[in-house]
Amino acid sequence: MTSLTTSGRITGLRPTTTFRERLDVPRRVVFVAALSMIGIVVVMLAFIAWQGIQLFVAGHVTPASLLSTTWQPDNTAGAVTFGMLPFVAGTVGVTALAVLISAPLSVGLALFLSEIAPAWARTVLQPALEIFVGIPSVVYGWLGLTVLVPWLRENLSGAGFTLGFSWFAGSLVLSLMILPTITTVTYDAFRAVPQDQRTASLALGTTRWQTIRHILVPAGLAGTLTAIVLGMTRAAGEALAVQMVIGNRPVVPTSIAQPMTTLTSQITLDMGNTVFGEPWNDALWTMALILLLISIGFVILIRVLNGRRKFQ
Amino acid sequence: MTTSSLPRPSLRGAASSRRAVLVDKIATGVLWAAGAFVLLILAAIILHFAIASAGVISLSFIFGNPSATSLGGVGPLLWNSVYMLVLTMLISVPLGILAGIYMSEYAREGRVTNAIRFAEEAISSVPSIVVGLFGLIAFVDVAHWGFTALGGALALTIFNLPLMSRLSEQALRAVPADERAGSLALGATKWQTIQHVVVPLAIPGIVTGVILTAGRVFGEAAALLFTAGLSTPAGYNFANLNIADPRSPWSPFRPATTLAVYIWSTNSEGLGNYVQQIADGSSAILLAMVLIFNLGARLFGRMLTRRLTAA
């Protein structure tokens, strides 16, 4: 290696270490850089939690009153109620349906890439997946708004899609956005299955599909579940794309054809229209805190799924 | 997997194995269809924006100033996207690489490393809108900056740092242990080894990672809504090089609406008769940038690998 010979600073054996070496500034610098990530998490959690509890502390709203389906944040109509069930239900619902649509396709694609695809198909699909990840969420949202929503309104209004803006539209857009996430993580899980296991199974006279079903799918199960949780994390936190197609109506939906809303959509819409410090604004910070706790919950869930795998 | 010159084991004997072969054929067909379907969707998306933006994209759209009465252009917004990208990368790439060096070269299994790893995962999973809200308190309110490019870039740094650190760590870990052993055996210190052997060998992987994360930063909008602002700039005077002047396009202390944010804001405000064309054209530009970043990452990575390993 040229880098070894050209460095010219290697001086041979030295019996003692110098003070500078014992101080080891570079080690301290890189350590601080890595520690900064812990700092970010702590400060972020502290700030969002502090703002998130203002609704209860300054606004004198009881946490129990959030467990209501009535979202009436302005005082135009008598009682002000910060019922958050529609948002939480919306986030859970839109995420669940997105995963239901996306997971079978993603796992199928991962199996195709890892077990079936010839080299040329892989060299086409892998960059394609990277492009899918790279497409900005506003572009997905804009596509949903100008293509999917009008299509639903014109062709499926008989099925209840009278507006087009709907739970289903939100989930469909999300399912496309989480497809590359689930696919790549599942693909890695299938690739990690030792080749010997495939060979042994095939040598017993099984077909390729039997090998996939009885060897690969069970072996890759933990990885697949991790992939799905990662997809859910992305889906639950996605804001703009969902907001553009979901209809933004604070109700607990009863049909996938109905408009509804999510935690992220409501924050996106209302944050600019409310005044810092008023209860309505505080309620949005409470939603942000709920989102933050949900995402940390997902991280912990992934850790549990992966067992005690701390390194790598 | 099957070799045609060898006699195939006969699966045709029993009825059940005939069925298994049929199921295998069907399953193979379904999985091929999944692959084709995903490619088809991507092709349809690209084609859609190519057609939708056909009458919109022109030099005056890309470089012109926004207008309330005509189609106008997105020049200042595109400038802001590039400006924010550079500012974000200037902060997050060095920090991410340093953190990656720690995780790859120094970290030993233990509570601290585990906490860093957890923080890395936690930050990557925090929704970008929440990162934006954190920026709203920390930079806009507490620091009293108001909506600034710097605040936006710091929010993007939070969002980019764990990914950058992870990618650098992976690139550094991929350097063979023999290279380190060889350097140490010659009497180099650990840091000399990292500086002169490990990092240079990991550069192709790191550069590819930087370009790929750059694509993500370029298109991010949710984290910027409440940190870099939503106002549409009328136009910039690039001759104004005074970076302390909030009117200068070079200043980090000015509101900086990016192209991705602009797609959302023109649409949510619904102003003017050209919302559809502007959003289609802007989406096409963002999509083109994603394609360029991906292609660039591949070509650059390949080129660097060739140059660094052929020497």
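The model shown is predicted, which means the values in this text are computed figures rather than measured ones. (Residues numbered from 1 in each chain as written. Chains lettered and ligands numbered in written order. Predicted model: local features only at pLDDT ≥ 70, side-chain atom pairs only at ≥ 80, totals over all residues. Heavy atoms only, no water.)

Draft legend 1. Looking closely at the overall build of chain B. The helix and strand inventory of chain B stands at 10 helices and 0 strands. In sequence order, chain B lays out its α and β elements as α-α-α-α-α-α-α-α-α-α. The C-alpha atoms of chain B give 25 Å as radius of gyration, which overshoots the globular expectation for 311 residues (19 Å, by more than 25%). With the C-alpha coordinates aligned to their principal axes, the bounding extent of chain B is approximately 80 × 60 × 40 Å. Out of the 311 residues belonging to chain B, those deemed buried represent 51%. Put simply, of all contacts in chain B between residues at least 6 apart along the chain, 75% involve residues at least 24 apart. Working note: accessible area of chain B is about 14100 Å², and carbon and sulfur atoms make up 67% of it. Separation of charge centres in chain B, based on 19 positive and 13 negative side chains, amounts to 12 Å. (Helix = DSSP H or I, 4+ residues; strand = E, 2+ residues; numbered from the N terminus. Rg over C-alpha atoms; globule rule 2.2 N^0.38 Å. Buried < 20%, exposed > 50% of the residue type's maximum accessible area, 1.4 Å probe, protein only. Contact = heavy atoms within 4.5 Å. Areas by Shrake-Rupley, 256 points an atom, 1.4 Å probe, with all protein chains shown as cover. Lys, Arg positive; Asp, Glu negative; His and termini not counted. Charge placed at Lys NZ, Arg CZ, Asp CG, Glu CD.)

Draft legend 2. Structural detail: the packing of aromatic side chains. All names here are of chain B. Under the defined criterion, the tally for this structure stands at 15 aromatic pairs over all chains. Ring centres of Trp-145 and Phe-253 lie 5.7 Å apart, and the angle between their planes is 90 degrees; this geometry places the pair in the edge-to-face category. Linking Trp-145 in the loop between helix H5 (128–142) and helix H6 (149–173) with Phe-253 in the loop between helix H8 (190–219) and helix H9 (259–269), this pair joins segments that are 108 residues apart in sequence. Assessed through its relative accessible area of 31%, Trp-145 is described here as partly exposed. (Phe/Tyr/Trp six-rings, centres within 6.5 Å; stacked < 30°, edge-to-face > 60°.)

Draft legend 3. The arrangement of the domain arrangement of chain B in detail. All names here are of chain B. The domain architecture assigned to chain B consists of domain 1 (16–52) and domain 2 (59–309). Listed per partner, the contact involves 4 residues of domain 1 and 5 residues of domain 2. Each partner contributes to the roughly 400 Å² buried at the junction of domain 1 and domain 2, and carbon and sulfur atoms together form 79% of this total. The largest share of the area that domain 1 buries against domain 2 comes from Ile-46, Phe-49 and Ala-52, three residues that together contribute 92% of it. Seen at the junction of domain 1 and domain 2, the total is 0 salt bridges. If you look at where domain 1 meets domain 2, you find 0 residue pairs in polar contact (both at pLDDT 80 or more). (Domains from an automatic or database assignment. Buried area = accessible area lost by both parts, 1.4 Å probe. Salt bridge = Lys/Arg side-chain N within 4 Å of Asp/Glu carboxyl O. Polar contact = N/O pair within 3.5 Å; in protein donor to acceptor, adjacent residues only side chain to side chain.)

Draft legend 4. Region of the structure containing helix H6 (residues 119–134) of chain A. For H6(A), spanning 16 residues, the distance from its first C-alpha to its last is 23 Å, which sits close to the expected 22 Å at 1.5 Å a residue. If you check which residues of H6(A) are buried, you get A:Ala121, A:Leu125, A:Ala128, A:Leu129, A:Ile131, A:Phe132 and A:Gly134. (Expected span 1.5 Å × (residues − 1).)

Draft legend 5. Local environment of the environment of B:Ala181. Residues and elements named next belong to chain B. With respect to the secondary-structure elements, Ala-181 resides in helix H7 (residues 177–185). Here Ala-181 falls in the partly exposed class, since its relative accessible area comes to 43%. Between the C-alpha atoms of Ala-181 and Asn-80, which are 101 residues apart in sequence, the distance is 46 Å.

Draft legend 6. Here's a closer look at the confidence of the model for chain A. Confidence along chain A averages 86 in pLDDT terms, with 92% of residues attaining 70 or more. Taken as a whole, residues 1–7 of chain A scores under 50 in pLDDT and shows 11 contacts with residues more than four places along the chain or in a different chain. (pLDDT = per-residue confidence, 0-100.)

Draft legend 7. Representation of the environment of B:Gly72. All names here are of chain B. Structurally, Gly-72 is set in the loop between helix H2 (59–63) and helix H3 (75–106). Using a relative accessible area of 21% as the deciding quantity, one classes Gly-72 as partly exposed. A C-alpha to C-alpha distance of 9.9 Å links Gly-72 and Val-56, two positions 16 residues apart in sequence. Sequence-distant contacts of Gly-72, that is, excluding residues within four places in its chain, are made with Ser-60, Phe-61, Asn-65 and Ser-67.

Draft legend 8. Representation of the interface of chain B and chain A in the model. With 95 residues of chain B at the interface, the matching set in chain A holds 88 residues. Summing the contributions of chain B and of chain A, the shared interface buries around 8300 Å²; its carbon and sulfur component is 79%. Of the charged contacts in the structure, one is a salt bridge between B:Arg298 and A:Glu130, with a shortest N-O distance of 3.0 Å. Where chain B meets chain A, there are 7 residue pairs in polar contact (both at pLDDT 80 or more). The element contributing the most residues to the side of chain B that touches chain A is helix H1 (residues 15–52) of chain B, with 18 residues.

Draft legend 9. Region of the structure containing unusual backbone geometry. Although it is not a glycine, A:Asn248 sits at a positive phi angle of roughly 55 degrees. Locating A:Asn248 in the fold gives a position in the loop between helix H12 (240–245) and helix H13 (263–270). One non-glycine residue, B:His144, adopts positive backbone phi at about 60 degrees. Position of B:His144 among the secondary structure elements: in the loop between H5 and H6.

Draft legend 10. Representation of the nonpolar core. Counting residues in hydrophobic clusters, the biggest one holds 168 residues, and the most contacted among them are A:Ile48, A:Tyr140, B:Ile45, B:Ile129 and B:Leu133. Split by domain, this core shows at least three residues from each of two domains, domain 1 (16–52) and domain 2 (59–309) of chain B. Apart from the residues lying within four places of it in its own chain, the contact partners of A:Tyr140 are A:Phe132, A:Ile135, A:Val173, A:Leu176, A:Met177, A:Ala241 and B:Ile45. (Core = buried A, V, L, I, M, F, W, Y, C linked by side-chain atoms within 4.5 Å.)

Draft legend 11. View of the pattern of salt bridges. Under the counting rule described, the total for this entry stands at 8 salt bridges over all chains. One connected set of salt bridges, linked through shared partners, spans B:Arg117, B:Glu120, B:Arg166, B:Glu169 and B:Arg173.

Draft legend 12. View of the side chain of B:Arg117. Looking at where B:Arg117 falls in the secondary structure, it is placed in helix H4 (residues 111–125). Side chain to side chain, B:Arg117 and B:Glu169 meet in a polar contact 3.0 Å long.

Draft legend 13. Quick look at the packing of helix H5 (residues 85–116) of chain A against helix H8 (residues 167–191) of chain A. All names here are of chain A. Put simply, H5 and H8 touch, their axes get as near as 6 Å, and they point 35 degrees apart. The crossing of H5 and H8 is right-handed. Here the residues of the contact of H5 with H8 are counted per class, giving 21 nonpolar, 9 polar and 2 charged. (Axes fitted to C-alpha atoms, helices over the stretch in contact; angles between N-to-C directions. Left-handed = near helix turned anticlockwise from the far one by under 90°. Nonpolar A, V, L, I, M, F, W, Y, C, P; charged D, E, K, R; others polar.)

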